Amino acid sequence: MRKRATRDETELEGEGAQLSSSLVRGLGILRAFRPGDASLGNQDIIARTGLPKATVSRITYTLSALGYLLYDKDLGRYSLGPATVALGYSALSSSAVVHVARPLMQPLADLTGAAVALGARDSLNMVYLANCRSESLVTLRLNPGSYLPIWKTSMGLAYAAALSSEERASLMRALQEAEPDRAAMIATAIDDAIAQYARQGYVTSFGAWHSYIHAVGVPFRPRDGSPLVAITCGGIGEIITEDRAHAEIGPALVAMVEALGNQLEGNPV
């Protein structure tokens, strides 16, 4: 099983003198839990983090004592505890971008019959922070906390396209080191996204992640210094055709992001 790269591995190298290794490992264990995981055993955590058994046992004990994990003695498995859940909800509820974006996202989801999502980078993935769906039975069923690969999705590619050249180069190196056999594909995907964003203000992805999924993405960098995010509209190819993506959805996303910026700055829409 491939271990998901974490931020300490891709961005904090060379910072060792200032890092707490125990904290880094503890956060790595919490990050091992993914959407859909009801619980994990020690072997699951070891496989996902690459940490030694003794380290996992020591840190999971501490996290359990603090309420960040819950331990089921009968099953010998851990689940996320209330302290972790509260921390996540506190982060989302305090995000002005998420708070203001959701009322703008839902009308677009209803209009397109697809799903509109807002996400941010988490190491070599994008993670959903908010998601609005239409009432269509065939809309995407991803939820906040879901992970998507950066270089295969419109969300990740839109994010990459809006980075500075230095930030993008660092990200591309990390992605290519994680998947060296796909280094050329990664470079091509990101270069194409940069060109798309410069030409039309949005990025498309047609079947790159899953063959049946089409999506359009737009980056958004809040002017208050909050982290760069990306907003996407995605669904099955029968709903989001390539023609519709360019004629309707791309321009609608660009307009929505402009409205989001205006509202965050207190300007009339």
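Calculation criteria
- Counting starts from 1 at the beginning of each chain's written sequence and moves along it residue by residue.
- Thresholds applied to this predicted model are a pLDDT of at least 70 for local features of residues and 80 or more for the giving and counting of side-chain atom pairs; totals over whole chains, interfaces and linings are not thresholded and use all residues.
- Here the side-chain values reflect all heavy atoms present in the structure, with hydrogen atoms and water set aside.
- Helix and strand assignments come from DSSP, with helices taken as H or I runs of at least 4 residues and strands as E runs of at least 2, each series counted from the N terminus.
- One bridge is not enough; two strands pair if DSSP finds at least two bridges between them.
- The contact definition used throughout considers only heavy atoms, calling two residues in contact when any of these lie within 4.5 Å.
- Helix axes use the C-alpha atoms of the stretch in contact, all axes being lines fitted to C-alpha atoms, and the angles between their N-to-C directions lie in the range 0 to 180 degrees.
- Categorising residues by exposure relies on relative accessible area from a 1.4 Å probe, with only protein chains included: less than 20% of the type maximum marks a residue as buried, more than 50% marks it as exposed, and the intermediate range marks it as partly exposed.
- For the purpose of charge, His is not counted, nor are the chain termini; Lys and Arg are scored as positive and Asp and Glu as negative.
- What makes a salt bridge here is a side-chain nitrogen of Lys or Arg within 4 Å of a carboxyl oxygen of Asp or Glu, nothing more.
- Distance and chemistry together define a polar contact, namely a pair of N or O atoms within 3.5 Å, with one atom able to donate a hydrogen and the other to accept it when in protein, and with adjacent residues in sequence counting only for side-chain atoms on both sides.
- Working definition: roughly parallel below 35 degrees, roughly antiparallel above 145 degrees, roughly perpendicular at 65 to 115 degrees, and oblique for all remaining angles.
- For any pair of crossing helices, the crossing counts as left-handed if the nearer helix is rotated counterclockwise from the farther one by less than a right angle, and right-handed if it is rotated clockwise.
- Ten residues, namely Ala, Val, Leu, Ile, Met, Phe, Trp, Tyr, Cys and Pro, are considered nonpolar, four, namely Asp, Glu, Lys and Arg, are considered charged, and the remaining ones, Gly among them, are considered polar.

**Quick look at the environment of Thr241**
Here Thr241 is to be found in the loop between β9 (229–236) and α10 (242–264). Taking the C-alpha atoms as reference points, Thr241 and Ile213, separated by 28 residues in sequence, lie 9.8 Å from one another.

**Looking at the sheet that holds strand β2 (residues 69–72)**
One open sheet holds the 3 strands; their spatial order is β1-β3-β2, and the pairing between them is antiparallel. The sheet is open, and its two edges are formed by β1 (40–41) and β2, each paired on a single side. As defined by bridge partners, β2 adjoins strand β3 (residues 77–80) across 4 bridges and the pair is classed as antiparallel. Paired with Leu70 across the strands is Ser79, a residue of β3. Across the face of the sheet, helix α4 (residues 53–65) comes into contact with β2 and β3 while running at roughly 105° to β2.

**What to know about unusual backbone geometry**
One can expect most non-glycine residues to show negative phi and most peptide bonds to be in trans. Even without being a glycine, Ser123 presents a positive backbone phi close to 60°. Since its relative accessible area comes to 0%, Ser123 is described here as buried.

**Brief notes about the side chain of Arg168**
Of note, Arg168 is situated in helix α8 (residues 165–178). Buried charged residue Arg168 carries no salt bridge. Nearest counter-charge: Asp191, at 7.0 Å. In this structure the side chain of Arg168 is engaged in a polar contact, spanning 2.9 Å, whose partner is the backbone oxygen of Ala160. Contact partners of Arg168, with chain neighbours within four places excluded, come to Ala160, Ala161, Leu163, Ile190 and Ile194.

**Details of the packing of helix α3 (residues 42–49) against α4**
Closest axis-to-axis distance for the α3/α4 pair is 10 Å, and the angle between their directions is 115°. With respect to each other, α3 and α4 are oriented roughly perpendicular. Helix-helix and strand crossings are classified by hand; for α3 and α4 the assignment is right-handed. Contact with α3, carried on its side by Asn42, Ile45, Ile46 and Thr49, involves Lys53, Val56, Ser57 and Thr60 of α4 and no other residues of that element. Tallied by class, the residues present in the contact of α3 with α4 amount to 3 nonpolar, 4 polar and 1 charged.

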